[in-house]
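So the chains spell out like this:
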Amino acid sequence: MDILNFIQAHSVCISAAILLISYVFIATEKIPKATVALLGAVITILLGLLSQTKYIDGNINNLYFINYIDFNVIFLLVSMMIIVNIATKSGMFNWVANELLKHTKGKPIRILFVLGLFTAITSAFLDNVTTVILIMPITFYIAKKLDINPIPYLMTEIFSSNIGGTATLIGDPPNIIIGSAAGLSFMDFIKELTGIVFVILIAVLIILSLFFKKQLITTEEKMASIAQIDNSHTITNKALLIRSLIVLIAVIVGFVLHDITHIETSVTAMLGASILLLFEKPSDLFKEVEWNTIFFFIGLFIIIGGLEASGGIALMAKWILTVTQGSEKATALLILWGSGFISGIIDNIPYTATMTPMILEIEKVMGQAYAEPLWWCLSLGACLGGNMTIIGAAANVIVSETSAAHKHPISFMSFMKYGVIIMITSLVLSSIYIYLRFLI
């Protein structure tokens, strides 16, 4: 009994300690992050910070741990993973990339722009990891044909994937979390973020072309080999291509029409995934779903739920309002720049999952109009901050590991040399946009 009383009396400190310790293990990557999150979740429940029972005396228990898992996020992620994995098998994304590359005439700087634009646009609709996995084989092929170092192209793809993923609700997991928590639709993200993301992307591609200009030099003969890429056998299954395209377009239209239909994005995505699964073996496709990511999310939601239930999130919100003295401008810029630097060091998913309930607390105190720019600051900071270091986002790690396997290692410091400049440029442009759009 004394132990239970102690836990209740110090619930904020205990739940905060579980979250911080989980962060440390997630950052060091000594233990798989899904394992860390699930272990932290179990400890949160066993200590009574969240309840194991759905009902108390016939009434719904608000502290039931399931209540803190955002299933809109979970089902949207799983469904989009299924749709993308099925669509990828048709070869459609490689076909588009090859067609674009043929129009560059093999000129290395043009290729940098095309790879950057293709990666960013694709990342706006597919997850960043899937996008870079799709584009990397093409990149190594081009670099070999041109006899140049692939690293400038690979780094451009990393930066572009994180920038492009910022543009839409489904482009990056932090946006899915923010959209679900704040009740923001697919069109809200298009309206508020796509414009500034495009400006940031063009600015970054210009900077990168200047950085890498001396490395991207080849001969006319080698350029001609890229201009004549054979794309006739890239589509491997036309029936699958047609099915996938119809469903993918229908799902995106469903996202766009959310404000009219009021059908949740997760339900729209589930419908699309279910239709495609009618023609596939579900057991084969489910192997392709990134279950590590899904269980990581589930565990994380429970850990943060413990901190929220204890009142810890409300204390964080109160602290931010005290530090900024209630100034909307100061609060917005603190969240934007703080999110950028923190997400450059730690995974932006747990960071965003921690910050969303805190902004909801600020919204309760200060009102919806006050909190609106804070959501966009969190999205821009968390997604764009991933460009600062090689461990700032999952796509960064995937590309660096694959590059090293191809005998082209990208060191932490060499990446950071460019990453810091790209991130600061992105956040400066974001700050100007947020100020002009919301804070004048």
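Predicted, not measured: the structure shown is a model, and the values here were computed from it.

Enquirer: What is the right way to look at the state of the cysteines in this model?
Expert: Note: disulfide means a covalent bond formed between the sulfur atoms of two cysteine side chains. Across all of its chains, the model carries zero disulfides by this definition. Free of any disulfide, C377 has its nearest neighbouring cysteine sulfur in C383, separated by 13 Å. C383 gets classed as buried once you look at its relative accessible area, which sits at 1%.

Enquirer: Looking at this structure, I do not really get the side chain of T234. What am I missing?
Expert: The topology assignment puts T234 in the loop between helix 11 (220–227) and helix 12 (238–256). Relative accessible area serves as the criterion here: at 15%, T234 is assigned to the buried category. Separated by 2.4 Å, the side chains of T234 and N231 make a polar contact. If we ignore the near neighbours within four places in the chain, the residues touching T234 are S90, G91, N94, W95 and N98.

Enquirer: Help me understand the environment of H10 in this model?
Expert: Mapping H10 onto the fold places it in the loop between helix 1 (2–9) and helix 2 (11–28). Residue H10 is classed as partly exposed on the basis of its relative accessible area, which comes to 35%.

Enquirer: Hey, could you run me through the packing of helix 12 against helix 14 (residues 265–277) in this one?
Expert: For any two helices packed against each other, one specifies the crossing angle of their axes together with the interaxial distance. Where helix 12 contacts helix 14, the axes come no closer than 9 Å and their chain directions differ by 170°. Between helix 12 and helix 14, the interaxial angle falls into the category roughly antiparallel. Here helix 12 contributes R243, S244, V247, V251, G254 and F255 to the contact with helix 14, which in turn contributes T265, T268, A269, G272, I275 and L276. Classifying every residue of the contact of helix 12 with helix 14 gives six nonpolar, five polar and one charged.

Enquirer: Sorry if this is basic, but what is going on with unusual backbone geometry here?
Expert: Excluding glycine, most residues fall at negative phi; most peptide bonds, likewise, are trans. For D147, which is not glycine, the phi torsion reads 60° and is therefore positive. Among the structural elements, D147 can be located in the loop between helix 7 (128–146) and helix 8 (151–165). Positive phi outside glycine occurs at Q325, with the angle close to 55°. Summarising the element assignment, Q325 is placed in the loop between helix 17 (312–323) and helix 18 (328–345).

Enquirer: How should the confidence of the model for the protein be read in this particular structure?
Expert: Detailed reading of predicted coordinates is not advised where the pLDDT is low. For the protein, mean pLDDT is 90; residues scoring 70 or higher make up 100% of the total. Within the protein, the lowest mean pLDDT, 82, falls on helix 1, and the highest, 97, falls on helix 10 (residues 186–212).

What counts and what doesn't
- Residues numbered from 1 in each chain as written.
- Predicted model: local features only at pLDDT ≥ 70, side-chain atom pairs only at ≥ 80, totals over all residues.
- Heavy atoms only, no water.
- Disulfide = S-S within 2.5 Å.
- Buried < 20%, exposed > 50% of the residue type's maximum accessible area, 1.4 Å probe, protein only.
- Helix = DSSP H or I, 4+ residues; strand = E, 2+ residues; numbered from the N terminus.
- Polar contact = N/O pair within 3.5 Å; in protein donor to acceptor, adjacent residues only side chain to side chain.
- Contact = heavy atoms within 4.5 Å.
- Axes fitted to C-alpha atoms, helices over the stretch in contact; angles between N-to-C directions.
- Parallel < 35°, antiparallel > 145°, perpendicular 65-115°, else oblique.
- Nonpolar A, V, L, I, M, F, W, Y, C, P; charged D, E, K, R; others polar.
- pLDDT = per-residue confidence, 0-100.

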